[in-house]
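Structural overview
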Amino acid sequence: MSDSAANHVDHILTEDRLFPPPKSLAEGAVIGSEAEYQKLYDQAANDPDTFWDAMGKKHLHWFEPFDQVCQWDAPDVAWFVNGKTNASYNCLDAHVLAGNGDRAAIIWEGEPGDTRTLTYSELLTEVCKAANGLRELGIEKGDVVSIYMPMTPELVIAMLACARIGAIHSVIFAGFSAESIADRNNDAQAKLVITANGLYRRGKVLPLKEVVDEALEKSTSVKHCLVLQRIADQETSMIEGRDIWWHDLVDSASADCPAVPLDSETPLFILYTSGSTGKPKGILHTTAGYNLWAKLTFQWVFDHREDDVYWCTADCGWITGHSYVVYGPLTAGATCLMYEGAPNYPAEDRFWELIEKYKVTTLYTAPTAIRAFIKWGDQHVDAHDLSSLRILGTVGEGINPEAWMWYHKKIGAERCPIVDTWWQTETGGIMMSPLPAITATKPGSCTKPLPGVIPAVIDEAGERIEDGFGGMLCIEKPWPGMLRGIWGDQERYVEQYWSKVPGMYLTGDNARRDSDGYYWIMGRIDDVINVSGHRLSTIEVESALVSHPAVCEAAVVGRPHELKGQGISAFVTVTTENPGEELRNELRMHVRKEIGALAQPDDIRFAAVLPKTRSGKIMRRLLRDIAAGRESAGDTSTLEDYTVMAKLREEDDN
Ligand code: WTA
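Thresholds, definitions, all that
Residues numbered from 1 in each chain as written. Predicted model: local features only at pLDDT ≥ 70, side-chain atom pairs only at ≥ 80, totals over all residues. Heavy atoms only, no water. Helix = DSSP H or I, 4+ residues; strand = E, 2+ residues; numbered from the N terminus. Rg over C-alpha atoms; globule rule 2.2 N^0.38 Å. Buried < 20%, exposed > 50% of the residue type's maximum accessible area, 1.4 Å probe, protein only. Areas by Shrake-Rupley, 256 points an atom, 1.4 Å probe, with all protein chains shown as cover. Lys, Arg positive; Asp, Glu negative; His and termini not counted. Charge placed at Lys NZ, Arg CZ, Asp CG, Glu CD. Near = heavy atom within 4 Å. Polar contact = N/O pair within 3.5 Å; in protein donor to acceptor, adjacent residues only side chain to side chain. Nonpolar A, V, L, I, M, F, W, Y, C, P; charged D, E, K, R; others polar. Domains from an automatic or database assignment. Contact = heavy atoms within 4.5 Å. Buried area = accessible area lost by both parts, 1.4 Å probe. Salt bridge = Lys/Arg side-chain N within 4 Å of Asp/Glu carboxyl O. UniProt positions renumbered as here; feature names shortened; annotations may be inferred. Axes fitted to C-alpha atoms, helices over the stretch in contact; angles between N-to-C directions. Parallel < 35°, antiparallel > 145°, perpendicular 65-115°, else oblique. Pairing = 2+ DSSP bridges. pLDDT = per-residue confidence, 0-100.

So, the overall build of the protein
The number of helices and strands found in the protein is 19 helices and 30 strands. In summary, the protein has a C-alpha radius of gyration of 24 Å against a globular reference of 26 Å for 654 residues, a match within 12%. In terms of overall dimensions, the protein has C-alpha extents of about 75 × 60 × 55 Å along its principal axes. Counting only residues that meet the buried cut, the protein has 61% of its 654 residues in that class. When the accessible surface of the protein is split by element, carbon and sulfur atoms take 49% of a total near 25200 Å². Side chains of the protein carry 62 positive and 94 negative charges; the gap between the two charge centres is 1 Å.

Okay, structure coming up:
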């Protein structure tokens, strides 16, 4: 074993199956041959300025041309320096002016079954009206607008309206709690919150505006709240002077609102995500580079063709919704299906019904959803004609080979390539993925980097690791879609992403490259867990637990979970004597209230003390083993026993 391999991360799974790309896809493909991919890859790696100069000019509209492709002084980066463009223009006006205004941009279906189609022209009109509405509320370039909405066309309209006038959107997933909304509003100093009076979820109405009202009590910077009337007969409290109905403001607004020419590096949006410390961080993306990366990666990875009906099932509250519901596909002029509700309402075949009804060609979803479909049973799939499908995608977490095979056989009828896309909120768009017409796939591998992405696998000593061994996944060179910082906290940005391996972007994931040059993502190097494809910091959940008066100390770890990928296990010490089910439920509800339902622990164990090393650090590895059932410590006394044992082992190790 070489020196560099000494620090490697173990892997135990091997996967030798290889699925060649269907030959039928090569003709007319965006990237149609291995040679073409290699040429693009080599150009981008060896002469990035020439490569990106051409891509930038070809794929975006420029009100004023850029005079430098990339300014790079790690970690500071600027792309397409001094150019002026506008993401809303690239998504809308560009297509209308090219004569494609009548093409469907969004085909939308609400959970109750209501439908709406917006052509590119219609979407442009709606965005202009909303942008004028925002201006009426005093929103100007550089102002932050929080968006807390159901998956309705107005959510996309709101995002693009911000982009049109240079306001910065901060979309907050509509499952987060009032506390989480207030934290984000305050951190970003949001001036406006756009929400709806309700959200349909499995046939019930969730009163979103009530949650926002509670958040606004603690959001000092917010002046107004714009409310979409999603639910017709829902009683909604409106505070005079602060709250305005969407229809009152937008319906009567002028449809004349030229897109503002914005400097390439104008902030486009902030998106909060979990990091290894307690407080979520506002990842900042700017206009031109992000927009180009979202468009190109969309075209490459989904081999986009004009007659495609493309469906990304992600919510706009996450980065996947930003890049692959809105900016990527719309800049590429795609027709996108958008669905508001749950996959199992009114029945477990809703997705397959939608695919059959709208003749979806491209489906992009998450492994956690696939695992749920498997559990619900094949009969729901069998009842529908899925022959329109051409390409299948996954994102958000690694896909286990069983789920991959089911997706391949049952949904793809062994015809459709699966693109397992690896990327992050920070990367802006897909970084590694098979290309559907050319890449032979291996279940569980995101295969190879896209042109412009130069990965490196690095060990703890900062050295490159040879193929076959796992280590920290880094990206060596800047790419247009990369994050530009953490909102208001440049120090944390440098510390978190650029200090461990100087000069390289640290992804936070472990990975290994196999002898075919394929990458395998091996999970996080930090305390971030991935629950149903959503990133959560264990420390965030611990902080929420500790904020309950009965809790003294809490340690939260991830454990394997059949459906969610990872479940949340909490170990807590409490002030209450003989704590039981009642307190357990109370703590679950408390975390829901503090963060949101997605952070609710799957199991909570009460302990007399938490196992700690002599230096006082919580023994997380032991807790992870216990939570996973690898070591059983069902009750408090055995947890203590294990602590003693682990301490002894620690002595052995030394
Ligand atoms: C994980 C979602 C394995 C990874 C776009 C990453 C994946 C984190 C994959 C980012 C994949 C995402 N295979 N792991 N195909 N895609 N991940 O910011 O740990 O919500 O760092 O972005 O999800 O999650 P985020």
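With respect to the site of the ligand
Residues in close proximity to the ligand total 17 residues, the closest being D420, T421, T425, D509 and R535. In this structure, a nitrogen atom belonging to the ligand sits 3.4 Å away from a main-chain N or O atom of G398. Here an oxygen atom of the ligand sits 2.7 Å away from a polar atom, N or O, in the side chain of D509. Across the shell around the ligand, the residue classes break down as 5 nonpolar, 7 polar and 5 charged.

Notes on the domain arrangement of the protein
Domain assignment breaks the protein into domain 1 (23-511) and domain 2 (529-651). Taking only C-alpha atoms into account, the centre of domain 1 sits 33 Å from that of domain 2. At the junction of the two partners, domain 1 supplies 25 residues and domain 2 supplies 20 residues. Summed over both partners, the interface of domain 1 with domain 2 comes to about 1700 Å²; 47% of that surface belongs to carbon and sulfur atoms. Where domain 1 meets domain 2, there are 1 salt bridge.

Brief notes about the UniProt feature "binding site: ATP" (unreviewed entry) in the protein
The feature "binding site: ATP" (unreviewed entry), as given by UniProt, occupies G396, E397, G398, D420, T421, W422, W423, Q424, T425, D509, R524 and R535 in the numbering adopted here. Here G396 shows up in the loop between β19 (391-395) and α14 (401-411). Here G396 is in contact with N530 and G533, once residues within four sequence places are set aside. Along the chain, R524 falls in strand β25 (residues 519-524). Every residue in contact with R524, bar those within four places of it in the chain, is listed here: Q424, T507, G508, D509, N510 and R535. There is a polar contact of 3.5 Å between the side chain of R524 and the backbone oxygen of G508.

Quick word on the packing of helix α12 (residues 367-376) against α14
Interhelical geometry of α12 versus α14 gives an angle of 70° and a closest axis separation of 10 Å. Overall, the two elements α12 and α14 adopt an arrangement that is roughly perpendicular. Every residue of α14 that contacts α12 at I370, R371, F373 and I374 is listed here: A403, W406 and Y407. A class-by-class count of the residues in the contact of α12 with α14 yields 6 nonpolar, no polar and 1 charged.

Observations regarding the pairing of strand β4 (residues 104-109)
Two faces belong to every sheet, and in a regular strand the side chains alternate between them. Of all 6 residues in β4, 6 are buried; the element is thus mostly enclosed. Where β4 and strand β5 (residues 115-119) come together, 5 bridges link them in antiparallel fashion. By the bridge assignment for β5, I107 is matched with T117. Linkage of β4 to β5, two consecutive antiparallel strands, is achieved through a turn of 5 residues, within which G113 is found at a positive phi near 105°. Strand direction decides the pairing type here: β4 and strand β17 (residues 335-339), joined by 4 bridges, are parallel. Considered in β17, the bridge of W108 is made with M338.

Comments concerning the sheet that holds strand β21 (residues 455-458)
Working definition: the strands of a sheet are paired by backbone hydrogen bonds and lie parallel or antiparallel to each other. In spatial order, the strands read β21-β22-β24-β25; together these 4 strands make up an open sheet with antiparallel pairing. Edge strands, defined here as strands with exactly one partner in the open sheet, are β21 and β25. Averaged over all pairs of adjacent strands, the angle between strand axes in this sheet comes to 45°, irrespective of strand direction. Bridge analysis of strand β24 (residues 505-513) against β25 gives 4 bridges, and the strand direction is antiparallel. Of the residues in β25, the one forming a bridge with D509 is R524.

So, the confidence of the model for the protein
Mean pLDDT for the protein: 93, with 94% of residues reaching 70 or above. The least confident element of the protein, judged by mean pLDDT, is helix α19 (residues 636-653) at 54; the most confident is helix α5 (residues 153-165) at 99. Here residues 1-7 is modelled with pLDDT under 50, and outside its nearest four sequence neighbours on either side it reaches 11 contacts, counting other chains as well. This stretch, residues 633-637, has a pLDDT under 50; its non-local contacts, to residues over four places away or in other chains, come to 8 contacts. Confidence estimates for the predicted assembly give a pTM of 0.91 and an ipTM of 1.00.

Examining unusual backbone geometry
Cis peptide bonds are those with omega within 30 degrees of zero, and the linkage from A74 to P75 qualifies with 0°. Structurally, P75 is set in the loop between β1 (68-73) and β2 (76-81). Cis geometry is found at the peptide bond from Y345 to P346, where omega equals -5°. Examined against the element boundaries, P346 turns out to sit in the loop between β17 and α11 (350-358). The phi dihedral of D303 falls on the positive side, at around 45°, and the residue is not glycine. Along the polypeptide, D303 turns up in the loop between α9 (287-301) and β16 (309-312).

Some details on the packing of helix α1 (residues 34-46) against helix α2 (residues 48-59)
α2 packs onto α1 with a crossing angle of 115° between their chain directions and a minimal axis gap of 5 Å. Contact with α1, carried on its side by L40, Q43, A44, A45 and N46, involves P48, F51 and M55 of α2 and no other residues of that element. When the residues that make up the contact of α1 with α2 are grouped by side-chain class, the tally is 6 nonpolar, 2 polar and no charged.

Concerning the UniProt feature "binding site: Mg(2+)" (unreviewed entry) in the protein
If you check UniProt for "binding site: Mg(2+)" (unreviewed entry), the listed places come out as V546, H548 and V551 in our numbering. Taking relative accessible area as the criterion, H548 reaches 7% and is therefore assigned buried. Within the secondary structure, V551 sits in strand β28 (residues 551-561). The class for V551 is buried, based on a relative accessible area of 7%. Among all residues touching V551, those that are not within four sequence positions of it are L545, V546, V572, T573, V574 and L587.

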